[in-house]
Every structure is written in structure tokens, then in C-alpha cells.
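Take a look at the letters that make up each chain.
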Amino acid sequence: MPSSAEERSSAEERSSAAELPGAVLVVVTWNSADVMPGLLDSLESGMAGLRWRLVVADNDSADGTADLVRTKAPDALLVQTGRNAGYAAAINAALEAVGPLGKETDAVLVCNPDIRMRPGCGEALVRGLDLPGTGITAPLLYDGTGRMIRTLRREPNPLRLLGEMVLGAHRSGRFAALGEQVADPEAYKGPTRADWVAGSLMALSRECVEACGPWDESFFLYSEETEYALRARTHGLATRLAPDAVAVHLEGEATVSPKLWTLLTVNRVRLYRRTHSAPAVAAFWGALLLREASRALLGRASSKAAVRALVSPARLRAKPGP
């Protein structure tokens, strides 16, 4: 039988654990069997300091992703959407399966399977939400070669698109009026506020989740994180960097796949159309077309595909999908 000292120690450990911030970690997968093990291996140290639950929303993977999760993470809640439903729809399915967030849950983390958390990443993201008025936090991200990824973004508009076309994303990003990407290295050293952040890994406060409601499933992929952050802003909830949270993102193929780049480009127009007048949308569309056309002239195949989509009214009106 355990001694009194052992019982007190166990009770103290339970009490200490109960005081830790609580989080739900949502991972969206689609044919992710090759990258998912690396994420799962990083979670023990990456989510240390939190009481957390893993929820995997699988979009009908055909490569054994679901079986891999059952084997490597048997305690995870596996939600199978039954189709390639898209990123936003999978997040919604995961949160629906979790049910209403109680007071024991301080945050929801949304994560890509090709993320590798560094020790303490999750806790730093959740602690960053303590800054008053903060609804979303994002980590300091590095790619697989160790290069920092500039993830902070300003709200898109025609002038920033033209600035990127003329100066390039990095140089234009030094000027708030001319670039969407926040390029100043100093911005990545503190809790910098941004209009939105790249959504490969982010933490959402319980208040943000409850205020914003479901993610917008009309964006199959891309712009859904932009729309969500801008919606959070309307509720008075800021998006900020949590610089003490560090992760590696192996990154996807959007910059090289014509199909994915086209989807990203068209969704930018769809999002801008939501909150702007017809003349403003026409200006945004024209600036985006000029930017992609200039890149297409340099031989970029993905931009050639994007130009074809932008000049096709049917493509701009089409229901988003894979």
C-alpha cells in the first residue's frame, strides 16, 4: 500500500496538473502518413506545461493516416470526415466532436501535420493569449533548413499587391503601405500585432472560439485563416506573435503547384469581395491579375494557371474544392 508521503505527493501532483492551462490540439490530416509521425513525436515536449487533448480530423486519407494515428496516438480522438472536406470543415468537425469548451479549456490549437514543435511551444502560445485583447497567437516558425519564415501579415489591398509586384514580397514588406508580409526582423522579437498570420500553427483563446463560431467552410483551402483572424478582429480580439513559441514547418507545395497556387489566388478575390464594394473588388482583382501576369511572363507556371483562373468568371464563381 502507498505510504502517507506517497499519497500526499500524488495528490500534490494532481493538484499541480489541474492548475496547468488546458488546451485542445486539433490536427487536420489528408494523406499525411509520411509527416504525421514527426509531429506526434514532437508533442511530448512541445505541449509540456499544458493539460491537453489531441483531436485528429482526417479528410478521408487513402495512405493509412487514420491507422497510423490509432497506433501511435491511441488516446487521441480521431474524427473522420468521410471526404476531402477541406481545412475549415475539418476544424469544425473536430470542434463539434469535442463539444462545448468548458472552463477547463483555455485554448484551441490548430496545427498542420508537417509542424514540429520545439519544447514548450504549446504552453508559450497559450500564455501569449493572456495579453489583454488577444484572441489568436502564432509561433516563431522556421523551415526545414533553419530559415525563419515571415508569417505575420497585413490585410490585403490593391496597393500592397502592386507593391509586391514592383518591389517583391520581402522589400515591399518593409513598408506598411506597400507590402502584405511583415518583413521587419524586429517585429519577430516581441508580441507584435498583425492583421492575420499564416495558419500552419496557431492558438485560439476560448473567448475567440466562442465569439467567432465555426470556421468558414466556403474556403476549401487558403484564406480561411485570413478570414478567421479578420473576423476575430471585429470582436475586438487581436492576432499576435508569441515569440517564445518556436516550431518548424516543413511547408507545403503551394508555391510550386499550379493547382494550389490557383486556389490560393482565387480565394483572395473571394475573401476581398466579402467586405468591399464592387469598385474596390475590381481594383483588387486588377492588381492581383497584374502581379500574377508579371510573374507568368517570367515563366512561372503556377502564375500562368492563376491568370487563366482570374480571367474566367466561371472559375471565380465556382464552388471551392480540391
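Remember, predicted model here, so these are calculated numbers, not experimental data.

(A) Structural context of the overall build of the protein. Helix and strand counts for the protein stand at 13 helices and 12 strands. By the compact-globule yardstick of 20 Å for 322 residues, the protein fits well, its C-alpha radius of gyration being 21 Å. For the protein, with 322 residues in total, the buried portion stands at 51%. Look at the contacts in the protein between residues 6 or more apart in sequence, and 74% of them connect residues 24 or more apart.

(B) Region of interest: helix α11 (residues 278-297). Compared with an ideal rise of 1.5 Å per residue, which puts 20 residues at 28 Å, α11 spans 28 Å between its outermost C-alpha atoms and is within 8% of the ideal. Within the span of α11, buried status applies to V281, F284, A287, L288, L289, R291, E292, R295 and A296. Tucked into the core, α11 has its buried residues touching α6 (158-167), α10 (258-275) and α12 (301-310). In the segment just after α11, G299 is the residue with positive phi, at about 95 degrees.

(C) Fine view of the environment of L50. You can see L50 is positioned in the loop between α2 (36-46) and β2 (51-58). Overall, the relative accessible area of 8% leaves L50 in the buried class. Sequence spacing of L50 and Y142 is 92 residues, and the spatial spacing of their C-alpha atoms is 23 Å. Contact partners of L50, with chain neighbours within four places excluded, come to L20, P21, A23, G122, E123 and V126.

(D) Local environment of the packing of α10 against α12. Their axes nearest at 8 Å, the elements α10 and α12 cross at an angle of 45 degrees. Regarding the angle of α10 to α12, the classification is oblique. Crossing of α10 against α12: the hand is right-handed. Across the interface between the two elements, P258, W261, T262, T265, V266 and V269 from α10 touch A301, S302, S303, A305, A306, A309 and L310 from α12.

(E) Examining the side chain of N112 more closely. Mapped onto the elements, N112 comes out in the loop between β4 (107-111) and β5 (115-117). Side-chain polar atoms of N112 contact the side chain of Y87, separated by 2.9 Å. Not counting residues up to four positions away in its chain, the partners in contact with N112 are V27, L39, Y87, G199, S200 and H249.

(F) Quick peek at the environment of T234. On the secondary structure map, T234 appears in helix α9 (residues 224-234). Taking C-alpha positions, T234 is 37 Å from A301, a pair spaced 67 residues apart along the chain.

(G) How the structure looks around the pattern of salt bridges. In this structure the tally under the stated criterion is 13 salt bridges. A salt bridge links E123 to R127, with the nearest nitrogen and oxygen atoms 3.4 Å apart. Residue E123 and its partner R127 are located together in helix α5 (residues 121-128), separated by 4 residues, close to a single helical turn. On the basis of relative accessibility, which here comes to 24%, the residue E123 falls in the partly exposed class. Salt-bridge contacts for D216 lead to R274; the nearest nitrogen and oxygen are separated by 2.6 Å.

(H) Layout of the pairing of β2. In terms of strand pairing, strand β1 (residues 22-29) meets β2 through 8 bridges, oriented parallel. Bridge assignment links G22 to a residue of β2, and that residue is R51. For the segment spanning β1, α2 and β2, crossover handedness is right-handed. In the sheet, β2 pairs with strand β3 (residues 77-80) via 4 bridges, with the strands oriented parallel. What sits directly across from V56, in β3, is L78. Handedness of the crossover is the feature at issue here: the chain leaves β2, passes through helix α3 (residues 65-72), returns alongside β3, and the resulting connection is right-handed.

(I) Layout of the packing of α11 against α12. One way to put it is that α11 packs onto α12 with a least axis distance of 8 Å and a crossing angle of 145 degrees. Where α11 crosses over α12, the handedness of that crossing is left-handed. Listed contacts from α12 to W285, L288, L289, E292, A293, R295 and A296 of α11 are S303, K304, A306, V307 and L310. Across the contact of α11 with α12, the residue classes break down as 8 nonpolar, 1 polar and 3 charged.

(J) Main features of the nonpolar core. Counting 36 residues, the largest nonpolar core has V108, V110, I136, L152, L204, W215 and Y228 as the members making the most contacts within it. It is helix α4 (residues 87-98) that provides the largest number of residues to this core, a total of 6 residues. Setting aside its immediate chain neighbours within four residues, V108 contacts V24, V26, L95, L101, M202, A203, L204 and V209.

(K) View of α4. Between its first and last C-alpha atoms α4 spans 17 Å; for 12 residues at 1.5 Å apiece the expected length is 16 Å, and the two agree. Buried residues of α4: Y87, A88, A89, A90, I91, N92, A94 and L95, and no others. Next to the buried residues of α4 lie β1, β2, β3, β4, α8 (206-212) and α9. Two residues or fewer past α4, G99 is found with a positive phi of approximately 90 degrees.

Criteria and cut-off values
Residues numbered from 1 in each chain as written. Predicted model: local features only at pLDDT ≥ 70, side-chain atom pairs only at ≥ 80, totals over all residues. Heavy atoms only, no water. Helix = DSSP H or I, 4+ residues; strand = E, 2+ residues; numbered from the N terminus. Rg over C-alpha atoms; globule rule 2.2 N^0.38 Å. Buried < 20%, exposed > 50% of the residue type's maximum accessible area, 1.4 Å probe, protein only. Contact = heavy atoms within 4.5 Å. Expected span 1.5 Å × (residues − 1). Axes fitted to C-alpha atoms, helices over the stretch in contact; angles between N-to-C directions. Parallel < 35°, antiparallel > 145°, perpendicular 65-115°, else oblique. Left-handed = near helix turned anticlockwise from the far one by under 90°. Polar contact = N/O pair within 3.5 Å; in protein donor to acceptor, adjacent residues only side chain to side chain. Salt bridge = Lys/Arg side-chain N within 4 Å of Asp/Glu carboxyl O. Pairing = 2+ DSSP bridges. Right-handed = clockwise from strand over helix to strand, strands pointing away. Nonpolar A, V, L, I, M, F, W, Y, C, P; charged D, E, K, R; others polar. Core = buried A, V, L, I, M, F, W, Y, C linked by side-chain atoms within 4.5 Å.

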